[in-house]
Amino acid sequence: MIPRTIQSVIESSITYYPVTLVTGARQVGKTTLCLHIAEKYGFDYVSLTDASMRALAQRDPDFFLRSFTKPLIIDEVQHAPNLFDHLEAAVDRRKAESGDNKGMYILTGSQAFNLMKGVTESMAGRISVIEMSPLSLSETMERGDAPFTADPEESMRRCRDTGLSQEDLYRMAVRGLYPALYESPGLPHNMFYSNYVSTYIDRDVAEMVDLRDKNLFLDFMETMASYTGQELVYDHVSNLVGVDVKTVQRWTSILVTGGIIRLIRPYVERSNIKRLAKRPKIYFCDTGLACHLCRCLDADSLKASYLRGPIMETFIVNEIIKSYGNTSTPAAFYYFRDSNGNEVDLIIQRNGMIHLVECKSGVRYDSGDVKAFSRLDNSEYVRGPSCIVCLTETPYPISEGVWALPLSSI
């Protein structure tokens, strides 16, 4: 198993909460990691992919929970959302009996609507929810994640021994970062994603909505992939796919909840609210899946495609967000665009500061490429070190407080 940075976050959670829920898209490695934790800490384990266990959990949840020793890992808990009321009773009973109910359960599951509804309604104050992503660039190099900063010295240190060329990064963008593709290097990525999409639509999506035409949902996913790194205009997607706007909005929520895409909201301050974009930007959570859906099947095809910029922007944004999520470091993420077309790809808000990030697919840039940064000179927050993240192999200065940094340093 490739070591996962988020393991330490899960281990910390079980010392503070009675229930820890590890969520994320299918195939991000939830089960593999939790089995590793089970072996390390002596957890019992049951998976609700087993039909008999699933039926028991649905039919008699109290007996199901009593049938296993604690601590217990319940894998794929979304198959029995009725368990949450009974988990609540179990942890409250343990608290009353012994005064300590920490670390009783680890649950895993995709973020299906019914699953998260059960969390918010039954488990408030008793559960820690940890979202797991596909592999990070750092994890593939077994380097360990650290929250991204625009510090050039830290960037130099982190990229010094990576040995990743531009070609390597394009290949990684197309192959994507799902663990199975790195644990089995010979696995063709197009075969993996073809099976992934089919299974996702047949199982996950079909559980949430009545899909009369699965090919139509596939058309929707392909259209959304073509928008990665861009503002999401529901009307445009509606026209392209041939479904009404409300359906597009509902299906978009399904992709978000399933960990397939993320939406980043525009950055808004009171002083300029009337002049700013109001629509979110869409990012696929894995560029390999986006490339597959857009039929960019190899690095050369991506480099020649109009999607080169949006895909590499998606890659960069994902890696930055993973660096915070995998280390449980709080931060908020936005983008900026005003009515004059000035745009900043990513704003990281943290510790009373904002850090501005441009995401580029080339190598050489100058101060003209960050002129939009000046639009935030009068921000309510202190503007900290900012940068262009691109495919350069070594950092170099752009202007005062702004550097070009290698993608491989994230």
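Above: the structure in question.
Now for a description of the structure that goes with this document. Since this is a predicted model, take the numbers as computed values, not measurements.

1. Here's the deal with empty space enclosed by the protein
For step 1, the next point in the chain: By the definition in use, this model includes 2 cavities of 30 Å³ or more.
For step 2, the next point in the chain: The space that makes up the second largest cavity amounts to roughly 40 Å³.
For step 3, the next point in the chain: For the second largest cavity, the full set of lining residues is L177, C285, D286, T287, F315, N318, E319 and K322.
For step 4, the next point in the chain: Looking at the lining of the second largest cavity element by element, the count peaks at 4 residues for helix α17 (residues 308-325).
For step 5, the next point in the chain: For the lining of the second largest cavity, a count of residues per class yields 3 nonpolar, 2 polar and 3 charged.

2. What about helix α8 (residues 152-159)?
For step 1, the next point in the chain: Among the residues making up α8, those that are buried are P152, S155, R158 and C159. Relative to the axis of α8, the buried residues are bounded by an arc of 125° and lie together on one face.
For step 2, the next point in the chain: Considering only its buried residues, α8 is in contact with α7 (137-140) and β15 (402-406).
For step 3, the next point in the chain: Put simply, D151 is the residue that caps the front of α8, since its side-chain oxygen is 3.1 Å from the backbone nitrogen of E153.

3. Topic: unusual backbone geometry
For step 1, the next point in the chain: Cis geometry marks the peptide bond from K70 to P71, where omega comes out at 5°.
For step 2, the next point in the chain: Phi is positive for S328, close to 55°, though the residue is something other than glycine.
For step 3, the next point in the chain: Structurally, S328 is set in the loop between α17 and β9 (332-337).

4. Some remarks on the pattern of salt bridges
If charged atoms from side chains of opposite charge come close, those side chains can pair.
For step 1, the next point in the chain: Inspection of the entire model under this criterion finds 22 salt bridges.
For step 2, the next point in the chain: A salt bridge links R212 to D210; its shortest N-O distance comes to 3.8 Å.
For step 3, the next point in the chain: Between K281 and E313 there is a salt bridge, and its shortest N-O distance comes to 2.8 Å. With K281 in strand β8 (residues 281-284) and E313 in helix α17, this residue pair connects regions lying 32 residues apart in the sequence.
For step 4, the next point in the chain: By relative accessible area, K281 is classed as buried at 0%.
For step 5, the next point in the chain: In this structure E313 comes out as buried when scored by relative accessible area, which is 8%.
For step 6, the next point in the chain: A network of salt bridges, in which partner residues are shared, links E231, R279, K281, E313, R337, E343 and D345.

Rules used throughout
- Residues numbered from 1 in each chain as written.
- Predicted model: local features only at pLDDT ≥ 70, side-chain atom pairs only at ≥ 80, totals over all residues.
- Heavy atoms only, no water.
- 1 Å grid on protein atoms, 1.4 Å probe; cavity = no way out; pocket = protein on both sides within 12 Å on 5 of 7 lines; lining within 4 Å.
- Points joined across faces, edges and corners; volume = space filled by probe spheres on them.
- Helix = DSSP H or I, 4+ residues; strand = E, 2+ residues; numbered from the N terminus.
- Nonpolar A, V, L, I, M, F, W, Y, C, P; charged D, E, K, R; others polar.
- Buried < 20%, exposed > 50% of the residue type's maximum accessible area, 1.4 Å probe, protein only.
- Arc of directions from axis to C-beta.
- Contact = heavy atoms within 4.5 Å.
- Polar contact = N/O pair within 3.5 Å; in protein donor to acceptor, adjacent residues only side chain to side chain.
- Salt bridge = Lys/Arg side-chain N within 4 Å of Asp/Glu carboxyl O.

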